[in-house]
Protein chains: 4
Amino acid sequence: MPAAFTTTRCVEFADTDMAGIIHFTTFFRMMESAEHEFLRSLGTSVVEKHPEDGSGAIGWPRREAQCEFHSPAVFEDELELGITVERMGRSSLTLGYEFRRGHTLIANGRMKTVCCRVTPGAGLTAVEIPEPLRGRLGELVERE
Amino acid sequence: MPAAFTTTRCVEFADTDMAGIIHFTTFFRMMESAEHEFLRSLGTSVVEKHPEDGSGAIGWPRREAQCEFHSPAVFEDELELGITVERMGRSSLTLGYEFRRGHTLIANGRMKTVCCRVTPGAGLTAVEIPEPLRGRLGELVERE
Amino acid sequence: MPAAFTTTRCVEFADTDMAGIIHFTTFFRMMESAEHEFLRSLGTSVVEKHPEDGSGAIGWPRREAQCEFHSPAVFEDELELGITVERMGRSSLTLGYEFRRGHTLIANGRMKTVCCRVTPGAGLTAVEIPEPLRGRLGELVERE
Amino acid sequence: MPAAFTTTRCVEFADTDMAGIIHFTTFFRMMESAEHEFLRSLGTSVVEKHPEDGSGAIGWPRREAQCEFHSPAVFEDELELGITVERMGRSSLTLGYEFRRGHTLIANGRMKTVCCRVTPGAGLTAVEIPEPLRGRLGELVERE
């Protein structure tokens, strides 16, 4: 299935390690920043500070993150990063990520996040993913 | 099963994010640094520069990393980190990680690495995990 | 002058870059985490959440950071890190840092921070460094 | 004096800390990645792997880094980053950096790097900044 969203990320010097390749944690940083770029492209933000109904800020803490590393990437590589919407529950959202350099698969992973209301002093409460984001994501969910 | 190795990690200010909690990539950094501490405790290093047979350096590139986040950790938390040896193949090693703060499970994950010979100019070749490390790890593999 | 506080930091794999040495930003991370360890040793925390007079949280945003890099450090190096109290103003605190591996000077730097009251929604206001920390630091200021 | 090179950087979630603002080390990461982008714009790379005369790789280790933090930046801020060539010696290069968000000065700093030949097994030797880069930088040096 084609990606719901694609972007690119450049491997920076600070992203490399003494093995001469990208450090594996960089993929998780890139996945997160691409997720946020994807949410912005849908008209929202991972940190929705002023919801229209004044009910408190919305955040998306991570529940699980996973990545497989297939081929090394090096400094100044331009990686193509595709996002698919693997699953949407009431509160939870699982996005899939695929990193490619040209035709070479570099890494692929997924992250499960939970839509939460952030109440100062009272922590996080899982809430239903709000409209219109819910509808937009629903159209993008992968069909088997 | 009890952990094969335990250590502690402190949550630093730079490890936190604007949500006020530890950033999820910190767990992966901690898993990697604890893995290296574990290997040192077994008399080797993740970067074995001078193998006794002079056959080139040994490295342990990651093949897969995964983590589930159960409860947030905050600045200055002292986390207990337990490592179990989940599986050892000819070249591959899968370690499990469990982060606790007192009785609270904070996160648990696993990383699969592959023992490789690093030949300058020729890249990485998977090799059998060398003795005596192989024997030491074998004694620590979890039995169902 | 002898350091007011000394600690050690180990160079982790994730701290290195493709040049095979510690990435320069690591020194700034280590300086910050050592500063916090130093403040804890004086009975306070860089994030004082519950001041005794209930007047709001205290924080220490950075005003300036500087570091000179003299000799490279590599993976698994154990660095000795000494802190000196270079200057204390009404609100500001300038600490000096020196990294050594044995007799070798690796890097030295300084950071100027400002003691601020953090009022939710109203941002940061510089305040006088509170007692008893002020007195403790005063005893440690370097005399020419 | 106008900048010799300008670019933009977005503040990512992972760049923030529990104070709700950009972590100060992020500025140093951005300075380094902008320096590399600047060098690429001049037709070279910070890691020149195959110099035309076959004399070994060229690298640019940092000698000093400094930054002053004037105003906080937050998640999703788009920062304008201007680079000036403050000084060029035989081997050394000092670049100045200014971060702005619209008309607001966020931070400004400088980094001094040294052009080095990297000889495997023999470490780093400072060398004259090679042409044609030397000429290009010379045209951009700030005149008082």
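Our structure's up above, just so we're on the same page.
Given the structure is predicted, the values throughout are model-derived calculations rather than measurements.

Peer 1: Teacher, can you tell me more about the relation of the copies chain C and chain D here?
Peer 2: Each of the two chain copies can be generated from the other by rotation about an axis followed by a shift along it. Of the transformation placing chain C onto chain D, the axial shift is 0.0 Å and the rotation is 180°, giving an RMSD of 0.0 Å. Viewed as a symmetry operation, the transformation between the two copies matches a two-fold axis. Considering only C-alpha atoms, the residue of chain C closest to the rotation axis is C:Gln66, which sits at 2.0 Å. Both copies present the same face, since 100% of the interface residues in chain C are matched by interface residues at the equivalent positions in chain D.

Peer 1: Honestly, the relation of the copies chain B and chain A in this entry has me stumped. Any pointers?
Peer 2: Least-squares fitting of chain B to chain A yields an RMSD of 0.0 Å, with the superposition described by an axial translation of 0.0 Å and a rotation of 180°. Comparing contact sets, 100% of the residues at the interface of chain B also lie at the interface in chain A, consistent with an isologous, same-surface contact.

Peer 1: Honestly, the sheet that holds strand β3 (residues 62-69) of chain B in this entry has me stumped. Any pointers?
Peer 2: The pairing of strands in a sheet comes from backbone hydrogen bonds and takes either a parallel or an antiparallel form. On the basis of which strands lie adjacent, the open sheet formed by 10 strands has the order β1(A)-β4(A)-β5(A)-β6(A)-β3(A)-β3(B)-β6(B)-β5(B)-β4(B)-β1(B) and antiparallel pairing. Two strands in the sheet have a free side with no partner beyond their single neighbour: β1 (5-10) of chain A together with β1 (5-10) of chain B. Within this sheet the neighbouring strands show an average axis-to-axis angle of 20°, counted without direction. Judged from the five bridges that link them, strand β3 (residues 62-69) of chain A and β3(B) form a sheet pairing that is antiparallel. Opposite A:Ala65, over in β3(B), you have B:Cys67 as the bridge partner.

Peer 1: Before we go on, may I ask you to explain the interface of chain C and chain D in this structure?
Peer 2: When the parts come together, some accessible area is lost, and that loss is often what is quoted as the size of the interface. Tallying the contact residues gives 15 residues for chain C and 15 residues for chain D. For the side of chain C that touches chain D, the elements supplying multiple residues, two or more each, are α1 (24-41) and β3 (62-69) of chain C. In terms of residue count, the dominant contributor to the side of chain C that touches chain D is β3(C) (eight residues). In the side of chain C that touches chain D, the residues fall into seven nonpolar, three polar and five charged.

Cut-offs and rules
Residues numbered from 1 in each chain as written. Chains lettered and ligands numbered in written order. Predicted model: local features only at pLDDT ≥ 70, side-chain atom pairs only at ≥ 80, totals over all residues. Least-squares fit on C-alpha atoms with pLDDT ≥ 70 in both. Contact = placed C-beta atoms within 7 Å. Pairing = 2+ DSSP bridges. Helix = DSSP H or I, 4+ residues; strand = E, 2+ residues; numbered from the N terminus. Axes fitted to C-alpha atoms, helices over the stretch in contact; angles between N-to-C directions. Nonpolar A, V, L, I, M, F, W, Y, C, P; charged D, E, K, R; others polar.

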